[in-house]
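# A look at the structure
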Amino acid sequence: MTPDPDLDPDLNETVLRNARPQVAAWLTEFVERNGGWCGSVHLPDSAGPAGADREIVLVAAHNLPVAVQNITAVIPFGKGMAGTAAQRRETVVIPDFQTDTTGVAAVGGRPVRARGSLAVPVYATDDHTQLVAVVGLGFTERRDFTEAEVAAYGRDAATVLTVS
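The notes below deal with the structure included here. (Residues numbered from 1 in each chain as written. Predicted model: local features only at pLDDT ≥ 70, side-chain atom pairs only at ≥ 80, totals over all residues. Heavy atoms only, no water.)

## Things to note about the overall build of the protein
For the record, the criterion: A run of H or I in DSSP becomes a helix once it reaches four residues, and a run of E becomes a strand once it reaches two; helices and strands are each numbered from the N terminus. Categorising residues by exposure relies on relative accessible area from a 1.4 Å probe, with only protein chains included: less than 20% of the type maximum marks a residue as buried, more than 50% marks it as exposed, and the intermediate range marks it as partly exposed. The contact criterion used is simple: two residues touch if any of their non-hydrogen atoms lie within 4.5 Å. The Shrake-Rupley method, run with a 1.4 Å probe, gives the accessible areas here. Residue values count only the displayed protein chains as cover.
Helix and strand content of the protein: five helices and six strands. Reading the protein from its N end, one meets helices and strands in the order α-α-β-β-α-β-α-β-β-β-α. In the protein, buried positions account for 43% of the 164 residues. Contacts spanning at least 24 positions in sequence make up 56% of the contacts within the protein whose residues lie at least 6 apart. For the protein, the exposed surface amounts to about 8500 Å²; the carbon and sulfur share of it is 51%.

## Observations concerning the environment of Thr-14
Examined against the element boundaries, Thr-14 turns out to sit in helix α1 (residues 13-18). In the structure, Thr-14 is positioned 55 residues away from Gln-69 in sequence and 9.8 Å away in space, judged by C-alpha atoms. With near-sequence residues (within four places) excluded, Thr-14 lies in contact with Ala-73 and Val-74.

## Brief notes about the nonpolar core
A general trend in soluble globular proteins is that nonpolar side chains are found buried together. Quick note on the threshold: Take the buried Ala, Val, Leu, Ile, Met, Phe, Trp, Tyr and Cys residues and link them wherever side-chain atoms come within 4.5 Å; each set so joined is a nonpolar core.
In terms of nonpolar packing, the biggest core is built from 24 residues, with Trp-26, Leu-27, Phe-30, Val-41, Val-122, Val-135 and Val-160 touching the most fellow members. Considering every element that reaches this core, the biggest residue donor is helix α2 (residues 21-33), with five residues. In this structure Phe-30 touches Val-135, Gly-136, Leu-137, Tyr-153, Asp-156 and Ala-157, once residues within four positions along its chain are discounted. Counting 15 residues, the second-largest nonpolar core is a separate cluster that includes Ile-56, Met-81, Ile-94 and Phe-97.

## Describing the pairing of strand β6 (residues 127-138)
Here is the rule: Strands were regarded as paired on the criterion that DSSP finds at least two bridges between them.
Taken together, the five bridges between strand β1 (residues 38-44) and β6 define a ladder with antiparallel strand orientation. Paired with Ser-40 across the bridge in β6 is Gly-136. Between strand β5 (residues 117-124) and β6, which pair antiparallel in sequence order, lie two residues.

What follows is the structure, given as structure tokens:
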């Protein structure tokens with residue numbers, strides 16, 4: 001795949017290779033319609049050898065600094081918010097990313113300046129065991145997400161299936 005000429009040349013080769021402009025356009029709309037500040041979409045890495053540790057790869061980012069995109073280009077299951085959401089098979093919610101002490105919010109993501117954050121795993125409509133994406137959404141203010149909000153963000157995140 002030819003790298004998108006609109007992408008920052010300081011992005012590493014992995015980010016450039018995996019970039020999906022149509023998913024990036026969807027992500028921008030997703031972040032904006034939900035009143036967020038930043039977002040990301042990671043897809044399962046199908047290129048790894050059979051039996052290898054599972055990973056997800058960054059394919060789209062909105063308002064993430066280049067350094068953060070580079071360090072989140074490939075995330076093992078169980079690491080950071082997106083990797084934890086993939087491993088646990090459930091939405092991960094952090095009321096304040098900047099002050100989180102659970103160990104789930106990776107310190108390397110703090111330059112994004114997001115506070116209330118969530119990572120939503122999205123599954124295939126015909127196979128609820130098949131992970132197809134992890135969608136991240138961050139806000140500039142601390143957020144105590146309600147169950148109804150988390151469910152609504154999850155339904156909206158699932159619309160990534162129309163483009164990924």
